[in-house]
There are 2 protein chains.
Amino acid sequence: MECMNTAPAPADTAAPSDEPRWLTAEEQRVWRFYMHASTLLEDHLDRQLQRDAGMPHIYYGLLVQLAEAPRRRLRMTELAMNAKITRSRLSHAIARLEKNGWVRREDCPSDKRGQFAVLTDEGYGVLRRTAPGHVAAVRQALFERLTPEQQKSLGEIMEIVAEGLQPNEAGADLPWLR
Amino acid sequence: MECMNTAPAPADTAAPSDEPRWLTAEEQRVWRFYMHASTLLEDHLDRQLQRDAGMPHIYYGLLVQLAEAPRRRLRMTELAMNAKITRSRLSHAIARLEKNGWVRREDCPSDKRGQFAVLTDEGYGVLRRTAPGHVAAVRQALFERLTPEQQKSLGEIMEIVAEGLQPNEAGADLPWLR
DNA sequence: GAGCTCTCCTTGAAGGTTAAACAAATGGGG
DNA sequence: CCCCATTTGTTTAACCTTCAAGGAGAGCTC
C-alpha cells in the first residue's frame, strides 16, 4: 500500500547529489492518492459510457468536440490536439466511429491532404441521449464531493499541470527562456 | 476547445427537472483542465517509462508494490487491489513481467488456488536503475509546479475522490449508512 | 460428505493504443 | 520551376485492456 516512487530508502539528507532526490513522505501520499483517484475515475467513466453509450470515454469526448465545433466538423489534426491524443490514435478512433455511423469523413477542399471529421445526425442523437447520464456520473464522482474552494483549487492545479505538459504550446517548448 | 459535458444548452434555471442538471461554466472549466492534465500526465509518464524501463507506467507500479511488500511478494488479488486494477488485467501483466524475468509466480502453500507474484533480483535491479529517472519526471511534471498549499490541497481532493470510487472499501458500499 | 456458493486466478477473443514507416500534398527556398 | 523539408493523415504489427467464460479449490450448510 505504498507509493510509486520509492525503491531504495528515502534519503532527505543534505547530500549534494548522485543520490537522487526522492519524494518526501507527504509527496508520496499526495502522489499515491492522485494515482488512485485518477485510475478509479477513468475506469469508472469508461465503464459508465461503455455501458450507456457503447463507447469508451475518449470516443465520447471526440463526439462532444465535434458537436461544439462550427459546422459540427473539425480537421483531424485539430481534433487530435483538442483531445490531447496522437493523430494515429485519432485515425483509428474515427474509423471506428465511422463504422458506427456517428461520424463521417469529408475531404478538405483547400488542402487535399486534409480530412474533416463530421458528426452525423445519428452521432448527435447518441450524444443527446447519453449526455445527461454522463454529466450525472461526473457530478456524482467529483463535484458533489468537493467544496467550492476545492473545486476552484483543483481547476487551478490542473491548469498548471496541463500547461506544463503541453507538447509545444506557444513558447512552452523553450524551457531555457523561462 | 470546449468541455466534455455540454451537448444541448446549459440550463441553470430553477426548472424542477426532466431537464438534466448540466455543469456550470466554471465546473466545465475545472473538468476540462482535469481531463487534459490527467491525460497528458499519464501519457507523459507512460512514454518516459516505456523509453527508460521498457514497460508502461502501471507495470512499473506493480514492481514498486512488490518491492515494498514483506518478502517482495504479494498475492495476486492483493496486488490487484493495491494497484486498482482487475485480476484479469493483473494476470496478463504478470505474465508479461514474468517473460521479462522481472517477476516470478509462486504457489501459495495455505491456499491451493492462490498465487504469489514475487519480484526477482532482476526486477529489483530494473527498479533501482529506473526509479530516479521516474521520480524526477513526476517531480518535474507535478511537484515542482505547485506550491506547498496546492500540493496539500491536491492530496485532500484526490483522497476524497478515490475514497468515493473505491469498489467496496469497508462500509463504503453501504451508502445508506453514511 | 454432498451439494452449493463463493473466491482465486486464468484464458481467449475482441477491441483499443502505440510506435514506426509510409504516401501524398504543401510550401519555402533556390 | 524544382528540390527538399514539413505537414497531414493512414497503415501495420506488436502490445495492452476488457469482457465473458471457466476450472479448481475453499468453505458453508444440511
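Just so it is clear, the structure is predicted and the values come from calculations on it, not from any experiment.

Thr77(A), Ser91(A), Arg105(A), Arg113(A) and Arg89(B) are the nearest of the 22 residues found near DNA strand D. Counting only atoms of DNA strand D within 4 Å of the protein, the fraction found in sugar and phosphate groups is 67%. At 2.3 Å from a base oxygen of DNA strand D is found a side-chain nitrogen or oxygen belonging to Arg113(A). A distance of 2.9 Å separates a base nitrogen of DNA strand D from a polar atom in the side chain of Arg113(B). Counting residues per element, the ones that place at least two in the surface near DNA strand D are α3 (76-83) and α4 (87-100) of chain A together with α2 (57-68) and α4 (87-100) of chain B. Class assignment of the residues belonging to the surface near DNA strand D gives a composition of 4 nonpolar, 8 polar and 10 charged.

Here the focus is the relation of the copies chain A and chain B. Least-squares fitting of chain A to chain B yields an RMSD of 0.0 Å, with the transformation described by 0.0 Å of translation along the axis and a rotation of 180°. Expressed as a symmetry operation, the mapping of one chain copy onto the other fits a two-fold axis. Interface residue correspondence from chain A to chain B reaches 100%, placing this contact among same-surface, isologous pairings.

This part is about the protein's contact with DNA strand C. Taken together, 21 residues sit near DNA strand C, with Arg89(A), Thr77(B), Ser91(B), Arg105(B) and Arg113(B) positioned nearest. Take the atoms of DNA strand C that sit within 4 Å of the protein: sugar and phosphate atoms are 65% of them. At a separation of 3.2 Å, a phosphate oxygen of DNA strand C approaches a polar side-chain atom of Tyr59(A). Measuring from a phosphate oxygen of DNA strand C, one finds a backbone N or O atom of Lys112(A) at 3.3 Å. At the level of elements, α2 (57-68) and α4 of chain A together with α3 (76-83) and α4 of chain B are the ones that each hand at least two residues to the surface near DNA strand C. Considering only residue class, the surface near DNA strand C consists of 3 nonpolar, 8 polar and 10 charged.

All names here are of chain A. Although it is not a glycine, Lys84 sits at a positive phi angle of roughly 65°. Of note, Lys84 is situated in the loop between α3 and α4. A relative accessible area of 11% means that Lys84 is categorised as buried.

Structurally, Met158(B) is set in helix α6 (residues 148-165). Beyond its immediate chain neighbours, meaning those up to four positions away, Met158(B) contacts Phe33(A), Tyr34(A), Ala37(A), Met158(A) and Tyr34(B).

In a regular helix each residue adds 1.5 Å, so 12 residues correspond to 16 Å; α2(A) covers 17 Å between its end C-alpha atoms and thus fits that length. Summarising burial for α2(A): 10 of the 12 residues are buried, a large majority.

Attention now moves to the pattern of salt bridges. In the structure shown here, the tally under the stated rule is 20 salt bridges over all chains. Residues Arg113(A) and Asp111(A) are paired through a salt bridge, measuring 2.9 Å at the closest nitrogen-oxygen approach. Residue Arg113(A) is classed as exposed on the basis of its relative accessible area, which comes to 74%. Here Lys152(A) ties to Glu156(A) by a salt bridge, and the two come within 3.2 Å at their closest N and O atoms. In this pair, Lys152(A) and Glu156(A) are both assigned in helix α6 (residues 148-165), 4 residues apart and thus about one turn of the helix distant. Salt bridges here are not isolated pairs; linked through shared partners, they connect Glu26(A), Arg29(A) and Glu159(B).

Time to look at the pairing of strand β3 (residues 115-119) of chain A. Residues and elements named next belong to chain A. In terms of burial, β3 is largely enclosed, as 4 of its 5 residues are buried. Pairing of strand β1 (residues 73-75) with β3, which is carried by 3 bridges, proceeds in the antiparallel orientation. Pairing of Arg75 across the sheet is with Phe116, part of β3. Looking at chain direction, strand β2 (residues 103-107) and β3 are connected through 5 bridges and run antiparallel. The residue of β3 that forms the bridge with Asp107 is Gln115.

All names here are of chain A. Here 3 strands make up an open sheet; going across it, the order is β1-β3-β2 and the pairing antiparallel. What marks the edges here is a single partner per strand, and that holds for β1 and β2. Between one strand axis and the next, the sheet turns by 30° as a mean value, whatever way the strands run. Most of the contacts of α2 go to β3, to which it runs at about 95°, and overall it touches β1, β2 and β3. In the packing of α3 onto the sheet, the strands contacted are β1, β2 and β3, and the crossing angle to β1 comes to about 95°.

All right, on to the interface of chain A and chain B then. Taken together, the 65 residues of chain A in the interface contact 66 residues of chain B. Together, the buried faces of chain A and chain B total about 6900 Å²; carbon and sulfur atoms form 69% of this surface. Applying the counting rule to chain A against chain B returns 4 salt bridges. With a shortest N-O distance of 3.6 Å, Arg29(A) and Glu159(B) are connected by a salt bridge. Where chain A packs against chain B, one counts 9 residue pairs in polar contact (both at pLDDT 80 or more). Looking at the side of chain A that touches chain B, the elements that each hand over two or more residues are α1 (25-53), α2, α5 (121-141) and α6 of chain A. Sort the elements by how many residues they give to the side of chain A that touches chain B and α1(A) lands first, with 16 residues. The residue makeup of the side of chain A that touches chain B, split by class, is 37 nonpolar, 17 polar and 11 charged.

What counts and what doesn't
Residues numbered from 1 in each chain as written. Chains lettered and ligands numbered in written order. Predicted model: local features only at pLDDT ≥ 70, side-chain atom pairs only at ≥ 80, totals over all residues. Heavy atoms only, no water. Near = heavy atom within 4 Å. Polar contact = N/O pair within 3.5 Å; in protein donor to acceptor, adjacent residues only side chain to side chain. Helix = DSSP H or I, 4+ residues; strand = E, 2+ residues; numbered from the N terminus. Nonpolar A, V, L, I, M, F, W, Y, C, P; charged D, E, K, R; others polar. Least-squares fit on C-alpha atoms with pLDDT ≥ 70 in both. Contact = heavy atoms within 4.5 Å. Buried < 20%, exposed > 50% of the residue type's maximum accessible area, 1.4 Å probe, protein only. Expected span 1.5 Å × (residues − 1). Salt bridge = Lys/Arg side-chain N within 4 Å of Asp/Glu carboxyl O. Pairing = 2+ DSSP bridges. Axes fitted to C-alpha atoms, helices over the stretch in contact; angles between N-to-C directions. Buried area = accessible area lost by both parts, 1.4 Å probe.

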